[in-house]
Amino acid sequence: MADPGSELVKIIFIDADGGTRECDGEIGKSVMETAVNDLVEGIVAECGGYCSCATCHAYVDPAWMDRLPAPEMIERDMLDGLLNVRPNSRLTCQLKVTEDLDGIVFTTPASQY
Amino acid sequence: MNEPRPIAEVPSHVQTARVVDFDVYNEPGLSHEFHETWLRLAGGEVPGLVWTIRNGGHWIPTRGEDIAKIYLDHENFSSRVMQVPRERMAGNRPIPGSYDPPEQNEFRAIINPPLLPRVIQSIEPTISGLATSLVENLKGRGECDYVADFALQLPIRVFLSYAGLPESDAAHLRHLAEEKVRPTGKMDVAEVMQALRDYLVPRIEARRANPGDDLLSQLVNGRMKDRALEVDEAVRMCSQVIVAGLDTVASALSFIMLWLSKHPEVRHELASAPEKIPAAVEEFLRMFPLVAIAREVRQDYELDGQVMKKGDIVVLSTMLHGLDERIFEHPMDFDLTRRRQVNSTFGQGTHRCPGASLARTELQIALREWLARIPDFGVKPGAEVLFTGGVVATVRQLPLVWQAK
């Protein structure tokens, strides 16, 4: 739930079947938290945001890739071990919501396991 | 672990209405109705946080929401104490389970990669082969003790195969792993660790001299931020990986098979539509959590209107999360249409089980291969199925019978 007065940006999640959800992302929170707060089913986030489960995997729309900070080693190591990983794969718990991300689009994989 | 534990004095900061008498490992009732007995602790008007006088005295949060909150908060809750009473941790510092960040993160960076889904997918054929041969060998007998003959056999064999160790080591390693988690009194903690060290050190050294792509090689050649692992650290890490993957999978499988023995309609559904097994496994994981693990309060912390003091111990019951009716309606019902919500069966936060992908795969394959060959089975008439509580609960025996063709 966003705190009153906090700044919000739009974050769009498309599921593997093409269903689209437009969520309010609170600046400073993670993209994963935005999804979980809004009950986006494609993001499981079993560990709660500690980069220790890799069940918040999503594909970032290629047009937005350059606007995200590059993944750190811990995220790269986890991504390396996932199924269906692509060049635009990210772990959404490692991405902070910022003003620049207003309108960003993520597609969630068919399964997080 | 079966000797009666003395009753601890209640510290003055504990509100009287929160005091209960509940032995998280040996509460009467756990042996016959394991999950139901846990649920009775959390039922009715019980506070969200209770204090039990058993096992040295400690807190137990009773709501799934609070259990998750504490799992996620390593800054207020340390993993240094994983069992109660805290004296049981003497001389026992598992890696990475008993460490906190940032050190814990460095250990996890070594353990995570070889257990991630892509690697596990690549060993799926091995797991299927092992599961198939175990069921094939049992099929003609018409009966078995599912725990000893299948559930404990599969994970140790999977581990040995992935670790590049001979199958003939299964009995020895299982014996040591069991002594470590459920001491029989024949060996003390130091003796068990020494025996594990004697087994592991030469194998670690061989893999350091000549690394392969097996699990053990990957673990023992892992690096901390700016140094190699010490041999003792490698031993403790390998020991925890071995121990953590045996009882957990064996118990989960045994609880599931016991439930399936009483639910022929679900058994038949899964046998005829094996594509439903992964979703069924998720629901079973929610219904049959097994772990009661401790944390130590790092600084005074208020929960449910009660201050827990620095140094107090909290036991997190994963049973009370997956079966919390405030979160999961009719929690004891098997329901594949539930909206997915995270539970704590694999823990949460920085210690969330790194072997979850392997565990899920083993459970799915074990059910699929068994149901394909023995879709109908029941508990042997007259047999009593008993459980043992602990950090990881276990099913002592599960005598199953079926029509041998």
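Thresholds applied
Just so you know, the residues in each chain are numbered from 1, in the order the chain's sequence is written. Working convention: letters from A go to chains and numbers from 1 go to ligands, in the order in which they are written. Two thresholds apply to this predicted model, a pLDDT of at least 70 for residue-level local features and 80 or more for giving and counting side-chain atom pairs, whereas whole-chain, interface and lining totals are computed over all residues. Put simply, DSSP H or I for four residues or longer makes a helix, DSSP E for two residues or longer makes a strand, and each gets a number counted from the N terminus. What the globule rule says is 2.2 Å times the number of residues to the power 0.38, and the radius of gyration is computed from C-alpha atoms. Here the C-beta atoms are placed from the backbone, and a residue counts as buried if at least 20 other C-beta atoms lie within 10 Å of its own, exposed if 12 or fewer do, and partly exposed otherwise. Working definition of a contact: two residues with C-beta atoms, positioned from the backbone, lying within 7 Å. Strands were regarded as paired on the criterion that DSSP finds at least two bridges between them. Confidence scores labelled pLDDT are given residue by residue by the predictor and lie between 0 and 100. Each nonpolar core reported here comprises buried Ala, Val, Leu, Ile, Met, Phe, Trp, Tyr and Cys residues connected via C-beta atoms within 7 Å. Crossovers are marked right-handed if the path from the first strand over the helix to the second runs clockwise, as seen with the strands pointing away from the viewer. Three classes are used, and their members are as follows: Ala, Val, Leu, Ile, Met, Phe, Trp, Tyr, Cys and Pro are nonpolar, Asp, Glu, Lys and Arg are charged, and the others, Gly among them, are polar. All axes here are fitted lines through C-alpha atoms, helices being fitted over the stretch that makes contact, and every angle between N-to-C directions spans 0 to 180 degrees. Definitions for this section: a left-handed crossing has its near helix turned counterclockwise from the far helix by less than a right angle. A right-handed crossing has that turn clockwise.

> Mind laying out the overall build of chain B, listing which residues take part and the relevant values?
What chain B contains, in helices and strands, is 16 helices and 15 strands. For chain B, the C-alpha radius of gyration of 21 Å lies close to 22 Å, the compact-globule estimate for 405 residues. Based on the C-alpha atoms only, the size of chain B along its principal axes is roughly 65 × 55 × 40 Å. Buried positions account for 47% of the 405 residues belonging to chain B.

> So, the overall build of chain A: which residues are in play, and what are the values?
Across its full length, chain A carries 2 helices and 5 strands. Reading the secondary structure of chain A in the N-to-C direction produces β-β-α-β-α-β-β. Against the compact-globule benchmark of 13 Å for 113 residues, chain A has a radius of gyration of 13 Å, which places it among compact chains. For chain A, the spread of C-alpha atoms along the three principal axes comes to 40 × 30 × 30 Å. Taking as baseline every contact in chain A between residues at least 6 positions apart, the subset at least 24 positions apart corresponds to 60%.

> Go over the sheet that holds strand S5 (residues 143–145) of chain B, please, and point to the residues and values.
Two modes of strand pairing occur in sheets, parallel and antiparallel, and in both the strands are linked by backbone hydrogen bonds. All names here are of chain B. Judged by pairing direction, the sheet is antiparallel, and its 3 strands sit side by side in the order S5-S15-S12 without closing on themselves. Whereas interior strands pair on both sides, the edge strands pair on one side only; in this sheet they are S5 and strand S12 (378–379). Note that S5 and strand S15 (residues 399–401) share 3 bridges and pair antiparallel. Paired with cysteine 144 across the bridge in S15 is leucine 400.

> Could you give an account of helix H7 (residues 153–162) of chain B, with specific residues and numbers?
Residues and elements named next belong to chain B. Most of H7 is tucked away: 9 of the 10 residues are buried. For H7, every residue scored as buried is listed here: Gln153, Leu154, Pro155, Ile156, Arg157, Val158, Phe159, Leu160 and Tyr162. Backbone geometry just downstream of H7 places glycine 164 in the positive-phi region, at approximately 70°.

> Account for the environment of glycine 29 of chain B, with residues named and values stated.
Residue placement: glycine 29 of chain B occurs in the loop between strand S1 (19–20) and helix H1 (34–42). Sequence-wise, glycine 29 of chain B and glutamate 233 of chain B are 204 residues apart; in three dimensions their C-alpha atoms are separated by 38 Å.

> Describe the confidence of the model for chain A, listing the residues and the values that go with them.
On average, residues of chain A score 92 in pLDDT, and 95% of them are at 70 or above. Of all secondary-structure elements in chain A, the lowest mean pLDDT belongs to helix H2 (residues 73–80) of chain A, at 92, while strand S3 (residues 57–60) of chain A reaches the highest, 98.

> Go over the nonpolar core, please, and point to the residues and values.
If you look at the biggest cluster of nonpolar residues, it comprises 151 residues, and the most contacted ones within it are Leu219, Cys238 and Val314 of chain B. Broken down by element, this core gets its largest block of residues, 9 residues, from helix H16 (residues 356–373) of chain B.

> Outline unusual backbone geometry, supporting the account with residue identities and numerical values.
With an omega of 0°, the peptide bond between isoleucine 95 of chain B and proline 96 of chain B qualifies as cis. One can find proline 96 of chain B in the loop between strand S4 (77–78) and helix H3 (103–111). In this structure, the amide linkage connecting proline 101 of chain B to the following residue, proline 102 of chain B, adopts the cis form with an omega of 5°. Take proline 102 of chain B: it is sitting in the loop between S4 and H3. Notably, leucine 39 of chain A is not glycine yet its phi reads approximately 55°, a positive angle. The residue leucine 39 of chain A is located in the loop between helix H1 (31–37) and S3 in this model. Here the phi dihedral of alanine 45 of chain A falls at roughly 60°; this positive angle occurs in a residue that is not glycine. With respect to the helices and strands, alanine 45 of chain A occurs in the loop between H1 and S3.

> Provide a residue-level description of the pairing of strand S2 (residues 49–52) of chain B, including the pertinent values.
Residue and element names in this part refer to chain B. Along S2, one buried face is formed by Leu49 and Trp51 and the opposite face, lined by Val50 and Thr52, is buried too. Sheet topology note: the S1/S2 ladder contains 2 bridges and is parallel. Bridged to valine 19 within S2 is tryptophan 51. As a crossover connection, the stretch from S1 through H1 into S2 is right-handed. Sheet topology note: the S2/strand S3 (residues 58–61) ladder contains 4 bridges and is antiparallel. Bridge pairing in S3 places valine 50 opposite isoleucine 60. Taken together, S2 and the strand that follows it, S3, pair antiparallel across an intervening segment of 5 residues, in which asparagine 55 is found at a positive phi of about 50°.

> Outline the interface of chain B and chain A, listing residues and values.
Listed by partner, the interface residues are 20 residues for chain B and 18 residues for chain A. Broken down by secondary-structure element, the contributors of at least two residues to the side of chain B that touches chain A are H3, helix H4 (117–122) and H16 of chain B. Considering every element that reaches the side of chain B that touches chain A, the biggest residue donor is H4 of chain B, with 4 residues. The residue makeup of the side of chain B that touches chain A, split by class, is 9 nonpolar, 6 polar and 5 charged.

> Any chance you could break down the confidence of the model for chain B for me, citing the residues and the numbers?
The pLDDT averaged across chain B works out to 94; a share of 99% of its residues lies at or above 70. Both confidence scores are given for the complex: pTM 0.94, ipTM 0.87.

> I'd like a description of the pairing of strand S8 (residues 292–297) of chain B, backed by residues and values.
Where a strand is regular, its side chains alternate between the two sheet faces. Residues and elements named next belong to chain B. With 6 of 6 residues buried, S8 is to be regarded as a mostly interior element. Burial of S8 is two-sided: the residues Ala292, Ala294 and Glu296 facing one way and the residues Ile293, Arg295 and Val297 facing the other way are all buried. Examined bridge by bridge, S4 and S8 share 2 bridges and lie antiparallel to one another. Bridge assignment links phenylalanine 77 to a residue of S8, and that residue is valine 297. Sheet topology places S8 next to strand S11 (residues 313–317); 5 bridges connect them, and they run antiparallel.

> Mind laying out the packing of helix H5 (residues 124–139) of chain B against H16 of chain B, listing which residues take part and the relevant values?
All names here are of chain B. Between H5 and H16, the shortest axis-to-axis distance is 9 Å and the interhelical angle comes to 35°. When the axes of H5 and H16 are compared, the crossing they make is right-handed. Listed contacts from H16 to Glu124, Ile127, Ser128, Ala131, Thr132, Val135 and Lys139 of H5 are Thr361, Glu362, Ile365, Ala366, Glu369, Trp370 and Arg373. Among the residues making up the contact of H5 with H16, the classes are represented as 6 nonpolar, 3 polar and 5 charged.

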